[in-house]
Structures are given as C-alpha cells and as structure tokens.
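Examining the three-dimensional arrangement
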Amino acid sequence: MTLPLPPLATARYPGEFLLGVARRRPEMLQRIARDCGDVAGFRIGPQLVVLLSHPDDVRDVLVTQGRKFKKGRGLERARALLGEGLLTSEDPLHRRQRRLVQPAFHRQRVAAYGDVMSACAARAAGRWRPGQAIDAAAEMMRLTLAVVGRTLFDADVEGEASEVGDALADVFAAFGLAVVMPFGELLERFPLPAARRFRRARDRLDAIIYRIIRERRASADDRGDLLSMLLAAQDVDGDTDAEAEAEAKPDGAGMSDRQLRDEALTLFIAGHETTAVALAWTWYLLARHPDAEARLHAELDAALPPGAPDAGFGDLPRLPYARMVLAESMRLYPPAWIIGRRALEDVEIGGRLIPRGALVLMSQLLVHRDPRWFPDPDRFDPDRWAPDATTGPRHKLAYFPFGAGTRVCIGEQFAWMEGVILLATIARRWRLRLDPPDQRVEMRPMVTLRPGAIRIRFEARG
C-alpha cells in the first residue's frame, strides 16, 4: 500500500511560510497544525517541510527511528559559528566527541559544581539593592555566563557578559533567512550588514575562547574542568573511522586548537544561554503568581534556615517545589523551542510518508501547550509535576525541553542543578516584583525562546 504524503497547508499570501520560518513565528506553526493535523506539510519553494505535533511521532523521529534522520538545516547552518562541535557534528564524529565530553557531566563531577553555582548566585544577589530595578533577562545572562565560565573552563568571563550578549544577539539574528533559503549559506559571502555583523560577532566569541585555550595550554594545569579533560584527551575506544579520527585527534596528538574551540564554544553558548532564558521566564512567572512564590519561599525557609549555607548539590532532594517551578516554567516557555531533522530516506511517521530530503520540525512550544497532554495548558501550575499530579503530562514525550534520543542534551543534569540552585539562592534573599506590575513580556523566538526585557524590582526578604 502506498502511503499518503502529509496534507499541505495553504499559504494565505505569497511567501508566508518562508517569512514565518525565517522570523520564527510559532503562531504560523500553530495554525498549520490546527488546519492540517499532527503530521502537517508545507512548502518553501521546492523544499517540503513537515511539522509533527504528536508525542508518538516526536518519539519516532528522535528515538525509535532516529538513525533515519540527521540534524536539520538550523544545526547545519550553525556550523558557520560552532564548527564541528558536539551540537553540529554527525556520526561517527559525534559519538567520539560525546565520549570525550561525557566525563565532565558525570554525577560526581556535576555535584562538585554546586558550590561554584551557589557562590556565583550569591555574589550576583549581593550586588542588588532593595527597590533597584533590573532587566531580569540580561542579569540572568550575566549570571549563567559566570557559572559556565567557572565550572566548565575555570575562567572568569563575567566581565565580558555584555560583549558576549551582544555577540550572541547578532549571531542569532543573522540566522534568519539563511536557515531556510536553499543557498542561504552563500549570503555570508556578500557584504550585507547582517553578514558583517555575524562575522564580527563570531570573531569576538573566538577571541574569548582562543584566549582561554592559550592560557590553559601555557599553564598546563589540570584543573578538573571540561577544558582540562579536552586538553588531555588522546584517544577513545570505539570508532575507527579515519576521517572522524583525524578531525578529533589530528596526527594522534590530542585535539587541535580548532577542535577545542568548536567544543568549548558549543558548551560555552549552550551552557549559559538556555539556563538564562529558563530563569528569566521563571522570575516573570513567579512575579505574576504570588501564591507559587510564597510556597517556594516556605520551602526554602524550611530547607535552608537562617545561618545555613546556600543551596548545594546535597540540598536538591529537599527542594522539590523549586524543581517543579522550573519544570513548569520550561513547559510554558521552553528555552529550546523547536527541533529540526532531515530525512535520510523515505520514512513512515504517523501513517504518512516523509520522503527523503524532507525537513521535519517538532516544536516543544506547541506540544507543551497542547490540551490533549496538559489540561488547561496555558495556566502556570507547578503542581503538575508533583508525584501524585493529575494534571501532569499524559504522554512521556509530551515534555521534552532537552530533546530525546541519542542527541539528548548532554548537560541536562547540569542544567537542572544549576537552575534549581540559582533559583533557590536568589529567592532565599529577594522577592522579585514586576515593574510596572501589569507588565507583559513578549516571546522572541530565535535560536532560543528569549524574552523581551523583563523589568524586575527587588524587595528584601526577612
């Protein structure tokens, strides 16, 4: 029996789908899913794009039939920034690199990062004053940059937070049409303003990363962090693919500066951008829901009484509500809000034929807010994540903020610990209030689901 193709959505005006994907408009994807169902197609020129909205189909692409897909165009284009890092590489190089990086995220090592995280958060919270107003989104970027610099690279990069933030904004903005146009990568070669900004931003990020690598090579110190492990990496068992080995281990002498740069920059960006976005949205939601904030403060007061040290790895079991708050925030505002894959062969998904070469999109933002999986989906309800909850996810893959399958985020446990510790350390000291109280923050879907400015005013606790 010949399988049918996905039903095709009809554009309401010429170029709607091209502009919608380039400008990352979730509302366009919502309309397509509503009109065409869980396996919905649309075309951008000759390119077939398939939007999947059912958790079963998400599981097929990311887990059960994952080998029939490779990364989507967005990650292919990200090579212009990240090179052949863990996020952008394909097997067998990806498997080799993941084995090299994995030890930095083992449970024992992640636990050791907890004190650094709480110290960075305490230092940030100590700078603030009652009545002071800040942009929570910018402040969380600065804080998580300090954390990733210390934990993964044992480097102080907090002073460069503004420079890094500006560079990332330029990089993300430059993806735009280049992601979806058939020859979008050629745009970088033209003297267009966006292309020039992208190159300048990449050069600024490179300067920071290469400086850290030079300093560490010169000192030859093993500081027990990720960069030390990558510098010491010589060989791993497994793949024997000559090309992959040459990429990861030129001349058999360890990783080249270029490969170190690719891995370091990937984790440098991913390790602070997503957590910063998650925390910024969390403060926004807590400020709008004082009952949830009061419950969080009560938990913190019980688990971390006056005079006790700030939260660390050992305190996490006593902070279940803090984790529930963070989980619900990432349900409503998932930092990684969309995943793309490209079909390597004809594949059956959801009773439809996904032809070879089709681009497949799966949006956490759409699935996480689907009433089939989460009753009253637009309501902020941390109790969804309680062990006995009846309003929690009704399908295992209805919640996938860190992806799934062999390419699931390698730093997932690191991110959960960082999010809870930073949330607990700051909320232990401060109440955060929206300024003005009726403020509404817009979503800015880029590579991550960044918020607009979140103006927050501090009120001291206790």
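Residues numbered from 1 in each chain as written. Predicted model: local features only at pLDDT ≥ 70, side-chain atom pairs only at ≥ 80, totals over all residues. Heavy atoms only, no water.

Moving on, we come to the overall build of the protein chain. Secondary structure summary: the protein chain contains 17 helices and twelve strands in total. In the protein chain, which comprises 462 residues, the share counted as buried stands at 54%. Residue pairs in contact within the protein chain that sit at least 24 positions apart in sequence constitute 73% of those at least 6 positions apart. Here the protein chain has roughly 19800 Å² of accessible surface; of this, 53% comes from carbon and sulfur atoms. (Helix = DSSP H or I, 4+ residues; strand = E, 2+ residues; numbered from the N terminus. Buried < 20%, exposed > 50% of the residue type's maximum accessible area, 1.4 Å probe, protein only. Contact = heavy atoms within 4.5 Å. Areas by Shrake-Rupley, 256 points an atom, 1.4 Å probe, with all protein chains shown as cover.)

This part takes up the confidence of the model for the protein chain. Of all residues in the protein chain, 87% have pLDDT values of 70 or greater, and the mean over the chain is 85. Contacts from residues 177-183, a stretch scored under 50 in pLDDT, to residues over four places away or in other chains number 21 contacts. Throughout residues 235-252 the model reports pLDDT below 50, and contacts reaching past four residues in sequence, or to other chains, amount to 29 contacts. (pLDDT = per-residue confidence, 0-100.)

Per the stated rule, a full pass over the model turns up nine aromatic pairs. Each ring, one from Phe17 and one from Phe42, has its centre 5.1 Å from the other, and the planes form 55 degrees; the classification is tilted. Taken as a pair, Phe17 in helix 1 (residues 16-22) and Phe42 in strand 1 (residues 39-44) lie far apart in primary sequence, 25 residues in all. Since its relative accessible area comes to 6%, Phe17 is described here as buried. Relative to Trp385, the ring of Phe374 has its centre 6.1 Å away and its plane inclined at 50 degrees; by these criteria the two rings are tilted. Placement of Phe374 in the loop between helix 16 (364-368) and helix 17 (412-427) and of Trp385 in the loop between helix 16 and helix 17 is noted, with a sequence separation of eleven residues between them. For Phe374, a relative accessible area of 0% translates into the label buried. Through a chain of ring-to-ring contacts, the aromatic side chains of Trp128, Trp430 and Phe458 assemble into a single cluster. A cation over an aromatic ring shows up here: Arg323 above the ring of Trp416, its NZ or CZ 4.0 Å from the ring centre. Against the face of Tyr333 rests Arg369, its NZ or CZ located 5.1 Å from the ring centre. (Phe/Tyr/Trp six-rings, centres within 6.5 Å; stacked < 30°, edge-to-face > 60°. Lys NZ or Arg CZ within 6 Å of the ring centre and 35° of its normal.)

Moving on, we get to unusual backbone geometry. Between Asp435 and Pro436 the backbone carries a cis peptide bond, its omega angle lying at 10 degrees. Summarising the element assignment, Pro436 is placed in the loop between strand 9 (430-434) and strand 10 (443-445). Phi angles above zero are rare outside glycine, and Asp376 is one such case at about 45 degrees. Tracing the chain through its elements places Asp376 in the loop between helix 16 and helix 17.

Now for the nonpolar core. By size, the foremost hydrophobic cluster in this structure holds 144 residues, and its most contacted members are Phe42 and Phe268. When residues in this core are grouped by element, the largest group, 17 residues, is from helix 13 (residues 257-288). (Core = buried A, V, L, I, M, F, W, Y, C linked by side-chain atoms within 4.5 Å.)

As for its placement among the helices and strands, Lys71 is situated in strand 3 (residues 69-71). Residues Lys71 and Ser89 lie 18 residues apart in sequence; the distance between their C-alpha atoms is 8.7 Å.

Moving on, we get to the pattern of salt bridges. Tallying each qualifying case throughout the model produces 30 salt bridges. Note that Arg31 is salt-bridged to Glu16, the shortest N-O span being 2.9 Å. Linking Arg31 in helix 2 (residues 26-36) with Glu16 in helix 1, this pair joins segments that are 15 residues apart in sequence. Given a relative accessible area of 9%, Arg31 falls into the buried group. With relative accessibility at 2%, the residue Glu16 sits in the buried group. Linking Glu459 and Arg457 is a salt bridge whose minimum nitrogen-to-oxygen distance equals 3.4 Å. (Salt bridge = Lys/Arg side-chain N within 4 Å of Asp/Glu carboxyl O.)

The interhelical angle for the contact between helix 15 (residues 320-332) and helix 17, taken along N-to-C directions, is 115 degrees, at an axis separation of 9 Å. Considered as vectors, helix 15 and helix 17 are oriented roughly perpendicular to each other. Helix 15 and helix 17 meet at a crossing whose hand is right-handed. Along the contact surface, helix 15 presents Ala322, Arg323, Val325, Leu326, Ala327 and Met330, while helix 17 presents Trp416, Gly419, Val420 and Leu423. Here the contact of helix 15 with helix 17 is built from residues that sort into eight nonpolar, one polar and one charged. (Axes fitted to C-alpha atoms, helices over the stretch in contact; angles between N-to-C directions. Parallel < 35°, antiparallel > 145°, perpendicular 65-115°, else oblique. Left-handed = near helix turned anticlockwise from the far one by under 90°. Nonpolar A, V, L, I, M, F, W, Y, C, P; charged D, E, K, R; others polar.)

Our focus in this paragraph is the side chain of Thr266. In this structure, Thr266 sits in helix 13. A polar contact is formed between the side chain of Thr266 and the backbone oxygen of Asp262, at a distance of 2.8 Å. Sequence-distant contacts of Thr266, that is, excluding residues within four places in its chain, are made with Leu82, Gly85, Leu86, Leu87 and Gly271. (Polar contact = N/O pair within 3.5 Å; in protein donor to acceptor, adjacent residues only side chain to side chain.)

Another point: helix 2. Within helix 2 the residues assigned to the buried category are Pro26, Met28, Leu29, Arg31, Ile32, Ala33 and Cys36. As for helix 2, its buried residues are in contact with helix 1, strand 1, strand 2 (47-52), helix 16 and strand 10. One or two steps after helix 2, the chain reaches Gly37, where phi turns positive at roughly 100 degrees.

What follows concerns the environment of Phe69. Mapped onto the elements of the fold, Phe69 is located in strand 3. Exposure remark for Phe69: the relative accessible area of 7% places this residue in the buried category. Separated by 288 residues in sequence, Phe69 and Gly357 have C-alpha atoms that sit 9.3 Å apart. Excluding residues that lie within four positions of it along the chain, Phe69 makes contacts with Val61, Arg341, Arg342, Ala343, Leu344, Val347, Ile349 and Val360.

Before going further, it helps to spend a moment on the pairing of strand 2. In terms of burial, strand 2 is largely enclosed, as five of its six residues are buried. Note: strand 1 against strand 2, six bridges, orientation antiparallel. By the bridge assignment for strand 2, Ala40 is matched with Leu51. Hairpin connection, strand 1 to strand 2: the antiparallel pair is bridged by two residues, and Gly45 has positive phi, about 60 degrees. For strand 2 and strand 8 (residues 359-362), the ladder comprises four bridges, and the chain directions are parallel. Pairing of Leu51 across the sheet is with Leu361, part of strand 8. (Pairing = 2+ DSSP bridges.)

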